[in-house]
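# Commentary on secondary and tertiary structure
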Amino acid sequence: MKITEKNYEKYFDREFFESSFKIFHELMPNKIREILLVSSPYDAFILEEDGRLAERIVNEYKGLNLSSPPKLTWVSSSEEALVLLSKKNFDLAITMPRYDDPDPYYLGNKLKKNHPELPVLVLAHDTVPLAKKDINFSSSVNNSFVWNGNTDLLLAIIKSVEDEMNVSSDTKKAKVRVIIFVEDSPTYLSSLLPVLYKEIVLQTQAVIEESLNEEERLLRMRARPKIILAKSYEEAEHKFRLYKNYILGIISDTNFKIKNKEANNAGFQLNELIRKEAPEKPFLLLSNEETNREKAKKKSILFVNKNAPNLHSEIRRFFTKNLAFGEFIFRYPDGKEITRASNLREMEKLLPSIPNESFQFHANGNHFSTWLIARSEVVLASIIRSLSLSDFDTVEGAKRIMIYCLNRRRYGHQKGIVTDFSFTNFDPDTDFIKIGKGSLGGKARGLAFITPLLQKNKNIHKKYERIKIKTPKTLVISTEYFDIFLDNNNLKNICDKKLNDSNIIDLFIKAKLPLNLEKNLKHYIEQIKYPLAIRSSSLFEDSHTHPFAGIYNTYIIPNNIPETTKRLQQLLEAVKKVYASTYLQASKNLSKSISQRIEEEKMAVIIQQAVGCKYGEYFFPAISGVAQSYNFYPISRMKPEEGIANIALGFGKTVVEGENSLRFSPEHPQIMPNFTTVDDILKNSQKNLFALNMFSKKNISPATKQYLQKIEIEEIFNEVSKGKELRELFSSYSVHDHRITDAYNSKNLNIITFANILKYNEFPLPEILKDILHICRTAMGSPVEIEFAINLKKQTIPEFILLQIRPMTVQKSNTKTEITPKDIKEAFCYSEQSMGNGIISDISNIVLISQTDFVTNDSNKIASEISKINHKLIKENKRYLLIGPGRWGSSDKHLGIPVKWSDISGVKAIVELNTETVNTEPSQGSHFFHNICSMGIAYITVSANQNSFINLKKISTKATLKEYKYLQHFQLNKPLKIKLNGRNSQAAIIV
C-alpha cells in the first residue's frame, strides 16, 4: 500500500516512535562495568579521580553510552590481581608500569594465561616499556597505549573495548556504522583515538543536544558509529569483510605488518583491496613520511602527514567532508550546490524549498540516511533507507513525510547542565573548588590527590599536633575553559603564526574570557581578600616523564585593592597570562625537544591562597622550599634514597630559580655541604628574598611581575627584630672573632642559617619532610618532589603547607657502565659527581665559555650568546656538550650563567665547573635542574676539591674552532664518548 498524506502520520507513529525506544535499549548490551587496575596509588588516583571519571562520562562527553559508569578496582601487584580475579569477574584489566616493576607485558601475560577472555591493556607513561622485543609477551595484551595525563584517553579506551564487544550484535540489530582504524604505534594510537571518539561524539551532539533528556540521550548515543581497531593487514582485511555492509570509512597508517613483517606500503595495499570490493568507502591514509603524499596523490587517496601541525584539523576535515559528519550539502544531479544544512532543524526548514530533482537525487543515493546514521539517528535513518520514492504517490508527499519525521524527532526532551562551582552557595572556606568539567591539569591533580591523603592520615596529625599540616585553599579553572577561550578569540592556530612572546602575551591580554567564567570569578573575588597565587596546571605539567617544571608562568597578586572591579581585572589578566604561557618560546622549545605536539596541550589554572604573613609593607612565608625523595648528589653519610631539601626565607622563587639557599638532607640535617666553614657560610648564605609588596601605590599589572619583588635581607631587619619567629632563622657573625653564633644579634652582622630549625629543632622541619616525602613517595609509586611553605607568625599555630607535588624522573641503572683507569687517562674531563647512566657517542659539538673566571656582569650577555648558538645548532639538528663555570640556570648572575631552558634546548650533556671565583653546589630544587633530569641530559660537576679534572687542551688538536666574544664552539673531527656510571656517579668524557 502506498504511503499517502492521509495515512503517513499513523504509519510513522507506530513504526518510528515505538521501535526507536526498543532498539536503543537493545544496543550495547555488553558494557565495561568493572575495571581492574594494576598500578601505583598515584596512577590509580589520576584515572579514577582526576576530572571525576564518572562525571566526565555523564557530563562532558554528554553520553558516551555509560549510564552506569565503570568502577575502578585498584591493586598494586600482579599477585593481588590474580587473587582478585579468582574471586570476582572483571570486564577489563589495565596494567601500568611501576617504578619497581617496569615490565607491563610480563604482568599482561600472567593475567592472560589464567583469564584468556579478559581484555588486557597496557597504559605506559612513555614508549620505553612498550618497546618489548619478546613477541610472546607483547602479544599477550590486547593493546598498548601511552598515557599523557588526559582523561579523554581512558574514556576512549573504554569505548574502544566496548565497541569491539558489541559491534557484531549492534550492526545486525540496527545497522550501526563502523569505522576501521588501522594503527600499530601506541603513541599515535593514544593521540588519535581520543580525537576520533570526540569527533564522533561532537558531531552526534549537534543533533542530540537540543532534544533529549539525560537518560534518553545516553540511550541514543549507543547507536553512534563504532571504531574498530586493527594492527596488521590481515586483521584489517578480516574486519573489513566482516562488517563490509556497515563500514562508514577507513583510517589507516601506511607502515604496518603483513604476514608478521613490516611493510612500508601496507596502507596502499589495503586501499587497493577496499577499492576493488567497496569503491564508495572513504579511505584516509596516514604516514609520518612526506614522500608518501605524492604516491597517495597519484592513486587519488586522501593523505595526511602524522607530523603535520594541523593533524587534528585534517582528521576533523575528513570526518566532516568524507564521512558525512559535516553539513548536508543539497546538490543538483550535476553536482552544483544549492544550500547546506548543519543540523536536523535546518534540514527540516530547508526541505520544502529544495527542488524535487535534488530531493530525488539524494533519496535515490541514500544520502539522507547516510548523513543521519553518522549522527546515531539510526532508527530514523533505517526507516528512510527502507523506503523508496516508489512507496509514495508524489515526491512532495515523500518530502512532507521526511519533514514530519524530523520535526517529531527534534521535539523530544530537555536536558540540564551541572557545574562544580556554585554561584549561589559558594563557601570561601572550601579547600578545593573546580570550575568547569574538564581536566584539573598536572599541578592541580597532584594537589587534589594529596589533599585528602593528608586529611585522612591521622598519624601525621597526631605526631605534629601543634602544627597544621595542610594544602592551601585552591580554586581550579579546568581545561574546558582554555578550549572555549581559544575558540572564542580565534587563537586555536596561534602556533602557526610567527609571533614573539611579547606579541602573544598582548594578544591574550586583549582577548576576552568566557562571560560565565568572569561572572564566577567576580563572585569569588568579592569574598576572597587574601593574596592570591595564579599558577599554571597544564595536562603535561608534572607528568612522570616530562614535568615542564617552571616553563609556564605564575603570578602573585596582593588582592587588597578596595575596588572589586580592579582586583577582578588583575585576576583576569593573570589568568590570561597563564593561558598565554602555553605558547611562549620556552614551552614551544621544550615541546619540540620531547616531540610533544603543542596543539595537544591544554591549560588549567590554579588560583591559590598565597602562603605567608604580613611583615611591614611586605608579605611572605617564613620558610619556603623544595624537597626531593631522591638525592642525585649524596655526600658523606647521605644516601640517594634519603632525599634532599633546599630552603630559603621568603617565597620559593629563590629556590626554584637556583639562587643561594640552604641545602640539607632531612635524614642528616646538620650536614650542610655549602655551610662547612665560616667563609663558606658568609659566601653561600641567602642575600636576597622574594616578597610581595602589599602597599604599592601604583596599580601595577601582574604582567610586569612587580608585585613579587626581590629585596635585600637588610630591608626586613626591622621586622626581624620585632618578631621572634623570624629571628629563629638567623645567626650572627662577629667580625672581630670571625665566628658565627647561632642566635640573632642586632649589634652584629646577621645571616640566614636556619640553625635553630635544623640544629635545635625549634620547628621539626627535617622530621616533617621525612614523613611527608615517605607518604608521597608511597602513594605515587615513584620518587617525588614537593614544594612547601611554612608560616611561623607569632600568636598563631605554625603551619606547614604543601604547595605542589610532582613525580621525579629517576632513571634506574639497569645496565652497568664501567669506567676503567684507561678511560680516565684518555679523558679530557673526569668527575665523580655526575648524573646519568650509559654511554653517549653522538656528540660532535662542544660549546665552551672562553674564560672560566668570567666577570659576573657579563653573565646575561653570555646567556644571550649561548642562546644564539643553541638555535643555530638546533636548525642543523646537532646536539652538543655545554661547558661553563658556576650553577647553570641560576637567576643569580653571580652564581653562574642565567640561561633558561629555551636557551639550551639542544643540549645533550652539561659540564658545570666550580672554580675559585665561582664555586657552588648543584641546586637540586630548581626548576631548571628538574627539567634536566626529566630530559635524561647528562649533568657533570667538576670541582677543584673533588677527584675530578678537565683538560681542555686535549680538545683543540681534534677539532675546528670558531670563536665568539664569550664562547668557543668546537666542531670535532669525530664524535666524543661520554661514559656515565649511574651507580657511583662517575663520568668520563673521551675525545
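Just so we're clear, the structure is a prediction, and the values are computed from it rather than from any experiment. (Residues numbered from 1 in each chain as written. Predicted model: local features only at pLDDT ≥ 70, side-chain atom pairs only at ≥ 80, totals over all residues. Heavy atoms only, no water.)

One open sheet accounts for 5 strands, arranged 2-1-3-4-5; its pairing is parallel. Two strands in the sheet have a free side with no partner beyond their single neighbour: strand 2 (71–75) and strand 5 (143–146). Within this sheet the neighbouring strands show an average axis-to-axis angle of 25 degrees, counted without direction. With 3 bridges connecting them, strand 3 (residues 92–95) and strand 4 (residues 120–124) associate as parallel partners. Considered in strand 4, the bridge of I94 is made with L121. (Pairing = 2+ DSSP bridges. Helix = DSSP H or I, 4+ residues; strand = E, 2+ residues; numbered from the N terminus. Axes fitted to C-alpha atoms, helices over the stretch in contact; angles between N-to-C directions.)

Moving on, we get to unusual backbone geometry. Phi is positive for N260, close to 65 degrees, though the residue is something other than glycine. Within the secondary structure, N260 is located in the loop between strand 9 (256–258) and strand 10 (261–263). Classification of N260 as exposed rests on a relative accessible area of 70%. Unlike most non-glycine residues, N761 shows phi in positive territory, near 60 degrees. (Buried < 20%, exposed > 50% of the residue type's maximum accessible area, 1.4 Å probe, protein only.)

Interpretation of this model should avoid reading the predicted coordinates in detail wherever pLDDT is low. On average, residues of the protein chain carry a pLDDT of 81, and 82% of them reach 70 or more. Low pLDDT, under 50, characterises residues 14–19; the predicted model gives this stretch 12 contacts beyond four residues in sequence or across chains. Throughout residues 57–67 the model reports pLDDT below 50, and contacts reaching past four residues in sequence, or to other chains, amount to 50 contacts. (pLDDT = per-residue confidence, 0-100. Contact = heavy atoms within 4.5 Å.)

The next subject is the pattern of salt bridges. Per the stated rule, a full pass over the model turns up 37 salt bridges. The salt bridge involving E183 is made with K306; its shortest N-O contact spans 2.8 Å. Here E183 is found in the loop between strand 6 (178–182) and helix 8 (186–208), whereas its partner K306 is found in the loop between strand 12 (302–305) and helix 13 (311–322), with 123 residues between them in sequence. Comparing E183 with K306 shows no difference in burial state: the two are buried. Of the charged contacts in the structure, one is a salt bridge between E235 and K239, with a shortest N-O distance of 3.3 Å. One end of the pair is E235 and the other is K239, both in helix 10 (residues 233–242) and 4 residues apart, which spans about a single turn. Under the relative-accessibility criterion, K239 is labelled buried at 9%. Each of the salt bridges in this network shares a partner with another, and the network as a whole consists of K463, E667, E767, K770 and D771. (Salt bridge = Lys/Arg side-chain N within 4 Å of Asp/Glu carboxyl O.)

At a minimum axis separation of 11 Å, helix 19 (residues 441–456) and helix 31 (residues 765–780) run at an interaxial angle of 120 degrees. By the angle between their directions, the pair helix 19 and helix 31 is classed as oblique. Judged by the sense of rotation from one axis to the other, the crossing of helix 19 with helix 31 is right-handed. Contacts between helix 19 and helix 31 involve F449, I450, L453 and L454 from the first element and I772, I775, C776, A779 and M780 from the second. Split into classes, the residues belonging to the contact of helix 19 with helix 31 amount to 9 nonpolar, no polar and no charged. (Parallel < 35°, antiparallel > 145°, perpendicular 65-115°, else oblique. Left-handed = near helix turned anticlockwise from the far one by under 90°. Nonpolar A, V, L, I, M, F, W, Y, C, P; charged D, E, K, R; others polar.)

The subject of this paragraph is the environment of N89. Along the chain, the position of N89 falls in the loop between helix 4 (78–87) and strand 3. Classification of N89 by relative accessible area gives exposed; the value is 70%. When the C-alpha atoms of N89 and I35 are compared, they prove to be 9.4 Å apart, with 54 residues separating the residues in sequence.

Turning to the packing of aromatic side chains, a few remarks are in order. In this description, an aromatic ring pair is defined by two values, namely the gap between the centres and the angle between the planes. All chains considered together, the criterion is met by 17 aromatic pairs. Residues F330 and F368 carry aromatic rings whose centres are separated by 6.3 Å and whose planes lie at 55 degrees to one another, so their mutual orientation is tilted. You can see F330 sitting in strand 13 (residues 328–331) and its partner F368 sitting in helix 16 (residues 367–373), a full 38 residues away along the chain. The pair formed by F330 and F368 is uniform in burial state, with each residue classed as buried. By way of ring pairs, the aromatic residues F328, F330, F359, F368 and W371 are connected into one cluster. The ring of Y188 carries K306 above its face, with NZ or CZ at 4.2 Å from the centroid. A cation over an aromatic ring shows up here: K653 above the ring of F690, its NZ or CZ 5.6 Å from the ring centre. (Phe/Tyr/Trp six-rings, centres within 6.5 Å; stacked < 30°, edge-to-face > 60°. Lys NZ or Arg CZ within 6 Å of the ring centre and 35° of its normal.)

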